[in-house]
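# Survey of secondary and tertiary structure
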Amino acid sequence: MNINAFFILIFIGLIMIYVGFKPLNIAKQDFKDVPLFELESFVLHELNQEKLITIMKGSKAKRFADKYRVIDIDYTDNSKELLANIRSDIGLYRDKKDIINLVGNVIYNREDGLVFESQEAIYNKKEAIAETQKDYIMYREKNEIIGTSLVYNNTNGKVKSKNVIAIYQIKER
């Protein structure tokens, strides 16, 4: 075989490879919300030099770069004058903003007996404000309030609500 025929044969082979085989097309994937780690049955404590500030418990959690996604969240805030506890099926805690988005069977308890229940709520830890735009029920002892939205400030005790129905038991002297 002469050298020209050899190179022509190699050239034809390369053309067949180029035409016959398609390169593997790998789609570019964007991984924005990849958990850094996952926890099961955990308790997270936040302390300062003086006292225990918060406790967050859950049955499962995923830690992302800027948030925790917690299943069966039980969050206790001891940073204000009155201790507050919030429980929910799912909680999304954004630690840079100190905001917790709660979904499913939300129950907010305050140390003095005030309780409100809703299906969704947002709790701002810095300002100690619990807020819901869903139907809620709030009660303390025999007093009961039902409404369609709520903004409750744990610092000053002020409540804003819409479409309120209240049952208030007047104390006898």
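Residues numbered from 1 in each chain as written. Predicted model: local features only at pLDDT ≥ 70, side-chain atom pairs only at ≥ 80, totals over all residues. Heavy atoms only, no water.

### Regarding the overall build of the chain
Quick reminder of the rule: Comment: elements are numbered from the N terminus, with helices defined as DSSP H or I runs of at least four residues and strands as E runs of at least two. Using a 1.4 Å probe on the protein chains alone, a residue whose accessible area is under 20% of its type maximum counts as buried, one over 50% counts as exposed, and one in between counts as partly exposed. Any two residues whose heavy atoms approach within 4.5 Å are treated as being in contact. Per-residue accessibility takes into account occlusion by the displayed protein chains alone, with areas from the Shrake-Rupley method and a 1.4 Å probe. Charged residues are defined here as Lys and Arg on the positive side and Asp and Glu on the negative side; His and the ends of the chain fall outside this count. We put the charge of a Lys on NZ, of an Arg on CZ, of an Asp on CG and of a Glu on CD.
Tallying secondary structure elements over the chain gives 1 helix and 12 strands in all. Ordered by position in the sequence, the α and β elements of the chain form the string α-β-β-β-β-β-β-β-β-β-β-β-β. Along the first, second and third principal axes, the C-alpha atoms of the chain reach 120 × 45 × 25 Å. Counting across all 173 residues of the chain, residues that qualify as buried make up 29%. A fraction of 31% describes how many contacts in the chain between residues 6 or more apart in sequence connect residues 24 or more apart. For the chain, the computed accessible surface area is about 12500 Å², with 56% contributed by carbon and sulfur atoms. Within the chain, one finds 26 positive and 24 negative side-chain charges whose respective centroids are separated by 5 Å.

### As for the pairing of strand S5 (residues 99-110)
Put simply, the rule is: Pairing between strands requires that DSSP locate at least two bridges from one strand to the other.
Summarising the sheet, strand S4 (residues 84-94) and S5 pair through 9 bridges and their orientation is antiparallel. Looking across to S5, one finds that glycine 91 is bridged to leucine 102. Following S4, the chain reverses through 4 residues before pairing antiparallel with S5; aspartate 98 in that reversal takes a positive phi of roughly 55 degrees. The sheet contact formed by S5 and strand S6 (residues 115-124) spans 9 bridges and is antiparallel.

### Some details on a nonpolar patch on the surface
Note the cut-off: Two distance rules govern patches: like charges are joined within 9 Å, and nonpolar side chains (Val, Leu, Ile, Met, Phe, Trp, Tyr) within 5 Å, applied only to residues with over 30% relative accessible area and no salt bridge. By definition, a salt bridge exists where a carboxyl oxygen of Asp or Glu is found within 4 Å of a side-chain nitrogen of Lys or Arg.
A cluster of nonpolar side chains, contributed by Ile3, Phe6, Phe7, Ile10, Leu14, Ile17 and Phe21, occupies part of the molecular surface with about 740 Å² of accessible area. With respect to the secondary-structure elements, leucine 14 resides in helix H1 (residues 3-20).

### Describing the environment of asparagine 163
The condition that has to hold: Nitrogen and oxygen atoms within 3.5 Å of one another constitute a polar contact, given that in protein one can donate a hydrogen and the other can accept it, and given that sequence-neighbouring residues count only through two side-chain atoms.
Its place among the elements puts asparagine 163 in the loop between strand S11 (159-162) and strand S12 (165-167). Spatially, the C-alpha atom of asparagine 163 lies 23 Å from that of asparagine 124, the residues being 39 residues apart in sequence. Apart from residues no more than four positions distant in its own chain, asparagine 163 is found in contact with Ile146, Gly147 and Thr148. A distance of 3.0 Å separates the side chain of asparagine 163 from the side chain of threonine 148, its partner in a polar contact.

### Here we look at H1
Spelled out, the test is: Helix span, as expected, comes to 1.5 Å for every residue beyond the first.
The terminal C-alpha atoms of H1, which comprises 18 residues, lie 26 Å apart, in line with the 26 Å expected from a rise of 1.5 Å per residue. Sitting at the head of H1, asparagine 2 places a side-chain oxygen 2.8 Å from the backbone nitrogen of asparagine 4.

### Some points on the nonpolar core
Heads up, the rule is: By convention a nonpolar core is built from buried Ala, Val, Leu, Ile, Met, Phe, Trp, Tyr and Cys residues, the set being connected through side-chain atoms within 4.5 Å.
Residues Tyr108 and Tyr123 are the most contacted members of the largest nonpolar core, which totals 24 residues. Secondary structure elements with two or more residues in this core: strand S2 (52-63), strand S3 (67-77), S4, S5, S6, strand S8 (136-140) and strand S10 (149-153). Those residues in contact with tyrosine 123, other than ones at most four positions away along the chain, are Tyr75, Asp77, Ile86, Asp98, Ile99, Ile100, Tyr108, Ala128, Ile129 and Ala130.

### Description of the pairing of S10
Regular strands place side chains that alternate from one sheet face to the opposite one. Of all 5 residues in S10, 4 are buried; the element is thus mostly enclosed. Pairing of strand S7 (residues 129-132) with S10 involves 4 bridges; the strand directions are antiparallel. Considered in S10, the bridge of glutamate 131 is made with valine 151. By the bridge criterion, 4 bridges tie S10 to S11 in an arrangement that is antiparallel. Its bridge partner lying in S11, tyrosine 152 is registered against valine 159. Between the antiparallel neighbours S10 and S11 lie 5 residues, among them glycine 157 with a positive phi of about 75 degrees.

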